[in-house]
Amino acid sequence: MSHVVVGYDATSASGRALRWAVEEARLRWVPLTVCHAWQRPYSIGSIDHEGVALVRRMGEHVLDQGVALAHELAPGLQVRKRLETGGPYEALLNQGPDAELIVVGSHPPEETPVGSTALRVPARAGRPVAVVRSAASRDGLVVVGVDGSSGADAALAFGFEEAALRGWRLRAVYGCWEPGAAPDGDLSLFGDEDKLRHACGAVLERAVAPWLVKYSAVQATTSLVLRPPREALLEAAEGATLTVVGARGTGAVEPLTLGATSDALLKHAPLTLTIVPQRVG
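Since we're looking at a predicted model, the values are computed, not measured.

A. Molecular detail of the packing of helix α1 (residues 12–28) against helix α5 (residues 150–166). Orientation of α1 relative to α5, taken along the N-to-C sense of each, is 85°, at an axis distance of 10 Å. When the axes of α1 and α5 are compared, the pair comes out roughly perpendicular. Between α1 and α5, the contacting residues are Trp-20, Glu-23, Glu-24, Leu-27 and Arg-28 on the first element and Phe-158, Glu-161, Glu-162, Leu-165 and Arg-166 on the second. For the contact of α1 with α5, the class distribution of residues is 4 nonpolar, no polar and 6 charged.

Laid out in structure tokens, this is it:
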């Protein structure tokens, strides 16, 4: 059954994630699954059954807090709770295969440690993952990264849907100043900025066109930027309520890693980011 999954551990970051996830589930008319992971306090070889039971009860209490908050925010929403043993990374992956969206909270980039759940889940989830670093505003803007790849097309699909659900504006951004951005690999375009603008502008408009038809009510604009994709999108993300990128773009990367642009945004984008794999259906 399709649902929205959110990790909750009673921190302020997970509280923001829960609020975002509640709204997503409400707008999408799907249940919300609130997930909390608890860990054994000792190794298997020295189990203290009373200690384990106490830690588990503490985890149940935290999870119940999250469920209660979700009910308070959206009284009619169907909310399910899942208590998992182990780390939050594994717990979210376990719950995520049939999710429309996985939501995780995150501290600001400069406070996010290497190896954190927010950095690890998007590379392996196989579903869209929202890394929530800020509250949603009433007058929102969705920025979507475009480069003509199938990954970017998946990001556009998600971004337009999100803008339509929330009544937000959308801006499709194509940072085309890198070799992989040249249509048909024609590097000679970088010797003539006018030709580069024309060729890459055509790629951008073709990519956005079908989504403008499908989501005609969304106020959408396009922006072609003669800068590397990471720079163009990080700058655009400064003013966006939500930034959406494909997990991998035109570059060749290992199947279980993020592309360079999505990885850079995940580590440095100041506000909320959703990373979308190529196939989300």
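B. Just the sheet that holds strand β5 (residues 129–132), in detail. The strand order across the open sheet built from 10 strands is β3-β2-β1-β4-β5-β10-β9-β6-β7-β8, with neighbouring strands paired in mixed fashion. Every interior strand has two partners, whereas the edge strands, β3 (79–85) and β8 (220–225), have only one. For this sheet, the mean inter-axis angle between neighbouring strands, taken without regard to orientation, is 20°. Judged from the 7 bridges that link them, strand β2 (residues 32–38) and β3 form a sheet pairing that is parallel. Considered in β3, the bridge of Thr-33 is made with Arg-80.

C. Summary view of unusual backbone geometry. Non-glycine residue Ala-10 carries a positive phi angle of around 75°. Within the secondary structure layout, Ala-10 lies in the loop between β1 (3–7) and α1. Non-glycine residue Trp-29 carries a positive phi angle of around 60°. Residue placement: Trp-29 occurs in the loop between α1 and β2. Taking the relative accessible area as the measure of exposure, Trp-29 reaches 80% and is therefore exposed.

What counts and what doesn't
- Residues numbered from 1 in each chain as written.
- Predicted model: local features only at pLDDT ≥ 70, side-chain atom pairs only at ≥ 80, totals over all residues.
- Heavy atoms only, no water.
- Axes fitted to C-alpha atoms, helices over the stretch in contact; angles between N-to-C directions.
- Helix = DSSP H or I, 4+ residues; strand = E, 2+ residues; numbered from the N terminus.
- Parallel < 35°, antiparallel > 145°, perpendicular 65-115°, else oblique.
- Contact = heavy atoms within 4.5 Å.
- Nonpolar A, V, L, I, M, F, W, Y, C, P; charged D, E, K, R; others polar.
- Pairing = 2+ DSSP bridges.
- Buried < 20%, exposed > 50% of the residue type's maximum accessible area, 1.4 Å probe, protein only.

Geometric values such as these leave the question of function open.
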